[in-house]
Amino acid sequence: MFSTNIYINKLLKSFDLILKHTIDNRDDTIILKLVDQLANALKDNHLYDTVTNYIRTNVLNNHLELTDKDAEQQLFCLNLLKCIISIKYNPSFESQVQELILGYLSEDFYSIDSTILCSLVDLITQIQELDEQIRLKIFNLDSVVHFLHPNNKSVYVRNSFKLLLIKHLHEPAMVKLVKSMPEPIKLHNLDIFHTSGLLLTNLESKWELIDLHSIKHYSYMLSYDVESEQVLCQIADNFELHGHYDLAQKFLIYTYESFKGSKDILLKKFFAPFKRRKSQLDPIFKYYIHNLKTFIKFNLINFNMSDHVSISDVFYLLKSLNLKLKFKKSILECLIDYFEIKKNSENNFLSDLNEGIESILKFKLDGELSIELLKLCTLESTQIIEKVCFDKIDLGELQIYVSLSRYMLKSMSVNGIDRLLKKCLSVLFESEDADIKDLIMSLFIELKNYDIFIFNDQIMEKILLLCLAESEAFLRREYLKFLTKFYSIQPNEIISEFFCYFLLYDHDWQCQLYCIDYFDQVFDNLIRQKSGHVIQICASLATCIDDADQHVVNACCKILTKLKLSSDFANLLEKLEKPQSGLVNGLKKKSKWLAIGCEESVLLYDLDKFNKVGLPMLEEKMSISSQSSDLYEMNATAILDDIISAYQFDWDDQKALDCY
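Everything quoted here is computed from the prediction, not taken from an experiment. (Residues numbered from 1 in each chain as written. Predicted model: local features only at pLDDT ≥ 70, side-chain atom pairs only at ≥ 80, totals over all residues. Heavy atoms only, no water.)

Participant: Could you give an account of the overall build of the protein chain, naming the residues involved and the relevant values?
Facilitator: Of the regular secondary structure elements, the protein chain holds 38 helices and 2 strands. Here the protein chain has a C-alpha radius of gyration of 35 Å; the compact-globule value for 660 residues is 26 Å, and the former is much larger. By its C-alpha atoms, the protein chain is 95 × 75 × 40 Å across when sized along the principal axes. Sorting the 660 residues of the protein chain into buried and exposed places 50% on the buried side. Put simply, of all contacts in the protein chain between residues at least 6 apart along the chain, 73% involve residues at least 24 apart. Accessible surface, the protein chain: about 32400 Å² in total, of which carbon and sulfur atoms supply 49%. (Helix = DSSP H or I, 4+ residues; strand = E, 2+ residues; numbered from the N terminus. Rg over C-alpha atoms; globule rule 2.2 N^0.38 Å. Buried < 20%, exposed > 50% of the residue type's maximum accessible area, 1.4 Å probe, protein only. Contact = heavy atoms within 4.5 Å. Areas by Shrake-Rupley, 256 points an atom, 1.4 Å probe, with all protein chains shown as cover.)

Listed below in structure tokens is the structure:
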């Protein structure tokens, strides 16, 4: 894998730098990344032997000095030792490593920095033949209780120690030790028992000692042990009575997954929050929304929600003064996610909802029209859009119906939105609100086709004028995105003049790219029609290969290269006549304000520059413009080489990290 000693020498030099230099304020990311990459590289036997000998000489033979080094240096050594041991079993090397480990295990080793302690435990877990002295230090009741205590601040240390315990639980002495732990410690670490198959008795009476860390394993273990749904539901009730709503709901989710008997009562119990009437609902739904989403995600095919939740249940919650607006919206979002997938098998619920369509149009969710409720209705029928009186709605409600239409367009064919589109066009031309204009243009862009009676020549001219006068780049992008799509579906050769003007005089590179993309789409048709607008496009593209933005340069070069490679194109170009449409000049005269170009800005018809552009120039410009600062894919050796170089030659953390 590594063909030269130069590379290995470079690697060992980086080890020297780590072990022998004082590291001040150094982010440990660099050295840990180095170890991560070595995990793969050390599979090479030559490199493995070289690194092992280096570590034996410089670390293991002087192991007492390691604990005095900086934390980052200790972490590097411990992680590198773990890496070496995990690759190949080497008894003599392991023996030396265990001597180093014993140097850490003094009487107060609990007080070691948690990051170092975590790496130390991970290293011990990799040892195949564990020394008896290490066993006595680690595997005693005081040590086990300390590591597994819920108050242990480092969850990483606790989890690492659990893996170490589980690895050795095949030993009778270890089973005895684990079973001797105090009851609260056992129940806080039920994953040890569940993973290893160790049984605990009378679990149903110990629910008070369960918390979020252990609820999953408690639920699974109890489900295997009891035969009655009622017992499980009673435990869920116990959690609820003590205000532990999250535990109760998670308990029902996990027992539903694992219980082998009938689950009808568990299902009814889980959906019970929808039936709540008089109690305070916020504490329940604070957790229920997330838990409901989880339950739906993993059990979608196993139940029908309409068997447990009625329309009246939903509307009671939506009208309740005891439930916050954010929870009401989240409930509806959950229902939308569910019925989007199961609308065909659950159509009765949606049909019942749509029977009250008139009242739904008037229903306010805490004073606001509910986009979520309207979306839920559209899953069964699109008639809701047809029943809205758009002449009477305000801008806020218009935004909601525009968003609703966009939602519908993504998953269904939508009829009857002509009145909405006309209302949107009216607002687009009259309103100064940039956000509503942005939303309206997003709707226009998502339409699959365009009614030319709605988007007629007069309307399209107004949109061209808006685009020409728009000072906000983000809105110009939306206008151009729509215009390029519209004129791709409804071809119009003179519109090329408009896009040529924008390519030359708009300084937003994304706007320019929309114009170039349009040319790419329509160019073949214009050539077939022998349109004189081809001259404008060629002149504009040739001018923009000197643009300040490399995205624009690259896109122009691609089209020009294709044209230059065509032997027929040069002959065709000579036969074309310059177009005389005057579209842009006409728009300028009608516009009160020009955000793009000025009165003196002109279109180009001179092909001299196009003719002077040769393939070598295009190739050079395309090569330069293709270079970017994006991260590139590198093989493992190249990554490792960059990490080593960064560590040796650049002590600036941020610069060193840039190599990733």
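Picking up after the structure, the text goes on.
Participant: Lay out helix α18 (residues 311–319) with the relevant residues and their values.
Facilitator: The periodicity of an α-helix, 3.6 residues per turn, causes residues three or four positions apart to be oriented the same way. All of the buried residues along α18 are Asp313, Val314, Phe315, Leu317 and Leu318. At its buried positions, α18 is contacted by α17 (282–299), α19 (325–342), α20 (347–355), α21 (357–362), β1 (364–365) and α22 (371–378).

Participant: Explain the environment of Ile537 to me, and be specific about the residues and the numbers.
Facilitator: Position of Ile537 among the secondary structure elements: in helix α31 (residues 533–543). Since its relative accessible area comes to 0%, Ile537 is described here as buried. With 95 residues separating them in the primary sequence, Ile537 and Ser442 have C-alpha atoms 27 Å apart.

Participant: Account for the packing of aromatic side chains, with residues named and values stated.
Facilitator: Using the criterion set out here, one finds 41 aromatic pairs in the structure. With a centroid separation of 5.9 Å and 40° between ring planes, the pair formed by Phe482 and Phe486 is classed as tilted. Here Phe482 and its partner Phe486 are both found in helix α28 (residues 473–489), 4 residues apart, which amounts to about one turn of the helix. You'll find Phe482 and Phe486 in the same group, each marked buried. With centroids separated by 4.8 Å and ring planes inclined at 40°, the aromatic side chains of Phe498 and Phe502 adopt a geometry described as tilted. One end of the pair is Phe498 and the other is Phe502, both in helix α29 (residues 495–505) and 4 residues apart, which spans about a single turn. (Phe/Tyr/Trp six-rings, centres within 6.5 Å; stacked < 30°, edge-to-face > 60°.)

Participant: Go over the pattern of salt bridges with me, naming the residues and quoting the values.
Facilitator: Two side chains with opposite charge may pair up if their charged atoms get near one another. What the rule picks out here adds up to 21 salt bridges. The partner of Lys328 in a salt bridge is Asp366, with the nearest N and O atoms 2.7 Å apart. Note that Lys328 is positioned in helix α19 and Asp366 in the loop between β1 and β2 (368–369), a separation of 38 residues in sequence. On the accessibility criterion, Lys328 (1% relative accessible area) is buried. Taking the relative accessible area as the measure of exposure, Asp366 reaches 44% and is therefore partly exposed. What you see here is one network of salt bridges that share partners, running through Glu183, Lys186 and Lys206. (Salt bridge = Lys/Arg side-chain N within 4 Å of Asp/Glu carboxyl O.)

Participant: With reference to specific residues and values, describe helix α27 (residues 457–469).
Facilitator: In this model, α27 (13 residues) spans 18 Å end to end at C-alpha, consistent with the 18 Å of a helix rising 1.5 Å per residue. Within α27, burial applies to Ile459, Met460, Ile463, Leu464, Leu465, Leu466, Cys467 and Leu468. With a side-chain oxygen positioned 3.2 Å from the backbone nitrogen of Gln458, the residue opening α27 is Asn456. (Expected span 1.5 Å × (residues − 1). Polar contact = N/O pair within 3.5 Å; in protein donor to acceptor, adjacent residues only side chain to side chain.)

Participant: A description of the environment of Met174 should follow, citing residues and the corresponding values.
Facilitator: Note on placement: Met174 falls in helix α10 (residues 172–179). Considering only alpha carbons, one finds Met174 and Leu576, 402 residues apart in sequence, at a separation of 91 Å.

Participant: With reference to specific residues and values, describe the confidence of the model for the protein chain.
Facilitator: Confidence in the prediction for the protein chain averages 88 pLDDT; 92% of positions are at 70 or higher. Across residues 628–635, confidence stays below pLDDT 50; counting only partners more than four residues off in sequence or on other chains, it has 6 contacts. Of the regions scoring below 50 in pLDDT, residues 648–660 engages in 28 contacts with residues more than four places distant in sequence or in other chains. (pLDDT = per-residue confidence, 0-100.)

Participant: Outline the packing of helix α30 (residues 509–528) against α31, listing residues and values.
Facilitator: The relative placement of two packed helices is expressed as an angle between their axes plus a distance between the axes. At a minimum axis distance of 11 Å, the contact between α30 and α31 shows a crossing angle of 145°. Handedness of the crossing formed by α30 with α31: left-handed. Taken together, the residues of α31 that come into contact with α30 (itself represented by Ile516, Phe519, Phe523, Leu526 and Ile527) are Val534, Ile537, Cys538 and Leu541. Here the contact of α30 with α31 is built from residues that sort into 9 nonpolar, no polar and no charged. (Axes fitted to C-alpha atoms, helices over the stretch in contact; angles between N-to-C directions. Left-handed = near helix turned anticlockwise from the far one by under 90°. Nonpolar A, V, L, I, M, F, W, Y, C, P; charged D, E, K, R; others polar.)

Participant: I'd like to hear about the state of the cysteines, residue by residue, with values.
Facilitator: Linking two cysteines covalently via their sulfur atoms produces the bond known as a disulfide. For the structure on display, the rule yields 0 disulfides. Considering cysteine sulfurs only, Cys467 is the nearest to Cys511, which forms no disulfide, with 7.0 Å between them. For Cys511, a relative accessible area of 0% translates into the label buried. (Disulfide = S-S within 2.5 Å.)

Participant: Describe the environment of His217, with residues and values.
Facilitator: Note on placement: His217 falls in helix α13 (residues 215–225). With sequence-adjacent residues up to four places away left out, His217 is seen in contact with Leu190, Asp191 and His194.

Participant: Report on the nonpolar core, specifying residues and quantitative values.
Facilitator: Note on soluble globular proteins: their nonpolar side chains tend to be buried together. Residues Phe271, Tyr401, Phe444, Phe455, Phe482 and Phe498 are the most contacted members of the largest nonpolar core, which totals 230 residues. If we skip the residues at most four places from it in the chain, Phe271 touches Tyr288, Leu292, Phe295, Phe303, Met305, His308 and Val309. (Core = buried A, V, L, I, M, F, W, Y, C linked by side-chain atoms within 4.5 Å.)

Participant: Go over the side chain of Gln98, please, and point to the residues and values.
Facilitator: One can find Gln98 in helix α5 (residues 91–104). Among the polar contacts listed, one links the side chain of Gln98 to the backbone oxygen of Glu129, at a separation of 2.8 Å. In this structure Gln98 touches Ile127, Glu129, Leu130, Asp131 and Ile134, once residues within four positions along its chain are discounted.

Participant: Got a sec to walk through unusual backbone geometry? Specific residues and values, please.
Facilitator: Of note in the backbone geometry, Asn202 takes a positive phi value of approximately 55° without being a glycine. Structurally, Asn202 can be placed in the loop between α12 (190–196) and α13. With a phi angle near 50°, Asp366 is a residue other than glycine that sits in the positive phi range.

Participant: Residue-level account of the side chain of Lys206, with values.
Facilitator: Position of Lys206 relative to the elements: it lies in the loop between α12 and α13. Accessibility expressed as a relative area gives 17% for Lys206, which makes it buried. For Lys206, the contacting residues outside a window of four places in its chain are Glu183, Leu187, Thr201 and Tyr218.

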